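# Per-entry structural report
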Amino acid sequence: MLLAVSLLQVDGQDVSQYQRLFQDLFSNYDRRILPRKDQKTVQIQFGAALIKINELSERQQMLHVNLWLRMHWNDFRLVWTPADYGNTSVFRVPADNIWYPDLVLYNDASGGFAIPSVNGNAHALVYSDGSVLWIPPKQFQVMCEIETSRFPHDRHTCSMKFGSWTYSGDLLNMTYYEGREDLDLSDYSANDDWEIVASTGRRFDKFYPCCVEPYPDITYNLTLKRTNPDFYVTSIFLPSVILTFIVPFLFLIRPDRYEKSILGIGATLGLLFLLKISLDIFPSAMKKTPVILMFQAGGLFLAGIGLLITHIHGNLWISNFKNSPPNCLTSLCVQCFGRITCVGADDDGEPLNGEQKSAAASEWRLLIAACNRFLFIVFIVLITVLAFILLTP
């Protein structure tokens, strides 16, 4: 008897009235039985209030949220006349002591699908007409399909599907709580990283191959966008663009200068470092590759090609050739590319080790100089086009 009283939250009323009410209501009450009367379907009003977005993990494709769930139904076994119990019209009782719907979050990522009464602390309000109001708070980890192709100007829509795990629509029907279809945001605390763009809700009747009865559910869709995408633009995008645009300038440095290799290797290592940071952000399995990854991969490819070409040109530059280059190469590189890039006779460099250059060596150096300037223009154009196509929002 003392336990029964301790389970109730008394609001200044005579404890004996609550004690007698509790004994009368729960002496033959079985919380395992669905409160269905005259073969009528139990009507559950369901709603949710979003309190906080704790985190949206893009790598794990998971949304962490705090919700206040709102459920209202009628249990005919919990009806009494207030006048018989000191005008008591409502009392509070832990939800574990009454029947409550076995609603679950179908796309829960934590494994704790059921909606518990939070260690018995989430009391339900039971009214004299048998209606029950239960608003348990709970943290959810929601599986969310992440779309990062336009990172950091990306938007994600995460769905939360709530429904009964065992009761079909013939036994338990779900409707909107107080007619509200979307998530209640009146008590929402803003997240520093994500802004809510849209919040919608919709009721569905799902038919499974096993059964002919419908299984109703209410699904909430939450669309989010980044609050500050400029942070990633300045910390990842801009350095990637700058390092990639360094690559063409390798072709403007004399091939025999050691600074050329240092600059090329530094740009390559910088792009590899930024690529590693980007890969740590995104999930391993993606339907579409983010544009920043494609740009960084393209920059690394061009940097590798540039380093290879500069190494070849460096070896050719320091070689004291005895034979002139083939006429076809001279016509293409010196006469054609050289005119376009304004290569002159003074671009053949200084004599090797103080020795007199041969005429053939000068021709080879003019050919290399013309190729380098032409490749500089080609790489600038390729990187500009790549950046425009991939990085334009």
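Notes on the structure in this doc start here. (Residues numbered from 1 in each chain as written. Predicted model: local features only at pLDDT ≥ 70, side-chain atom pairs only at ≥ 80, totals over all residues. Heavy atoms only, no water.)

## Remarks on the overall build of the protein chain
- What the protein chain contains, in helices and strands, is 7 helices and 11 strands.
- With 393 residues in all, the protein chain has 46% of them scored as buried.
- The long-range fraction of contacts in the protein chain, counting pairs at least 24 apart against all pairs at least 6 apart in sequence, stands at 75%.
- Entry remark: accessible area of the protein chain is about 20200 Å², with carbon and sulfur atoms responsible for 57%. (Helix = DSSP H or I, 4+ residues; strand = E, 2+ residues; numbered from the N terminus. Buried < 20%, exposed > 50% of the residue type's maximum accessible area, 1.4 Å probe, protein only. Contact = heavy atoms within 4.5 Å. Areas by Shrake-Rupley, 256 points an atom, 1.4 Å probe, with all protein chains shown as cover.)

## As for the side chain of Asp154
- When you line up the elements, Asp154 lands in the loop between strand 7 (137-143) and strand 8 (155-164).
- A residue is classified by how much of its surface remains accessible, and Asp154, at 3% relative accessible area, is buried.
- A polar contact is formed between the side chain of Asp154 and the side chain of Arg226, at a distance of 2.8 Å.
- The residues touching Asp154, leaving out its near neighbours within four places in the chain, are Glu58, Glu147, Thr148, Leu224, Lys225 and Arg226. (Polar contact = N/O pair within 3.5 Å; in protein donor to acceptor, adjacent residues only side chain to side chain.)

## Digging into helix 2 (residues 15-26)
- Look at helix 2: 16 Å from first C-alpha to last across 12 residues, which is about the 16 Å you get at 1.5 Å a residue.
- Of all the residues in helix 2, the buried ones are Tyr18, Leu21, Phe22, Leu25 and Phe26. The buried residues of helix 2 all sit within an arc of 100 degrees when viewed along its axis, so they share a single face. (Expected span 1.5 Å × (residues − 1). Arc of directions from axis to C-beta.)

## Notes on the environment of Leu243
- Secondary-structure assignment places Leu243 in helix 3 (residues 230-246).
- Separated by 26 residues in sequence, Leu243 and Leu269 place their C-alpha atoms 9.5 Å apart.
- Once you skip the residues sitting within four places of it in the chain, Leu243 turns out to touch Ala267, Gly270, Leu271 and Leu274.

## Section: the state of the cysteines
- Following the criterion strictly, the structure yields 1 disulfide and no others.
- Each sulfur in the disulfide pair Cys144 and Cys158 lies 1.9 Å from the other. The S-S bond linking Cys144 to Cys158 shows a torsion near -80 degrees; that makes this disulfide left-handed. Highlighted residues: Cys144 in the loop between strand 7 and strand 8 and Cys158 in strand 8, separated in sequence by 14 residues. Side by side, Cys144 and Cys158 carry an identical accessibility label, which is buried. (Disulfide = S-S within 2.5 Å.)

## Some points on the pattern of salt bridges
- Applying the stated rule across the entire model yields 9 salt bridges.
- Through salt bridges with shared partners, one network takes in Arg70, Arg180, Asp182 and Asp184. (Salt bridge = Lys/Arg side-chain N within 4 Å of Asp/Glu carboxyl O.)

## Regarding the pairing of strand 7
- Alternating residues of strand 7 divide into Lys138, Phe140 and Val142, all buried, and Pro137, Gln139, Gln141 and Met143, none buried.
- Pairing of strand 2 (residues 62-79) with strand 7, which is carried by 7 bridges, proceeds in the antiparallel orientation. Bridge assignment links Trp68 to a residue of strand 7, and that residue is Pro137. (Pairing = 2+ DSSP bridges.)

## Side note on unusual backbone geometry
- In this structure, the amide linkage connecting Phe151 to the following residue, Pro152, adopts the cis form with an omega of 0 degrees.
- Here Pro152 shows up in the loop between strand 7 and strand 8.
- Within the chain, Asp38 stands out as a residue other than glycine whose phi angle is a positive 55 degrees.
- Among the secondary structure elements, Asp38 is positioned in the loop between helix 2 and strand 1 (42-57).
- Here the phi dihedral of Gln61 falls at roughly 55 degrees; this positive angle occurs in a residue that is not glycine.
- Position of Gln61 relative to the elements: it lies in the loop between strand 1 and strand 2.
- A relative accessible area of 25% places Gln61 in the partly exposed class.

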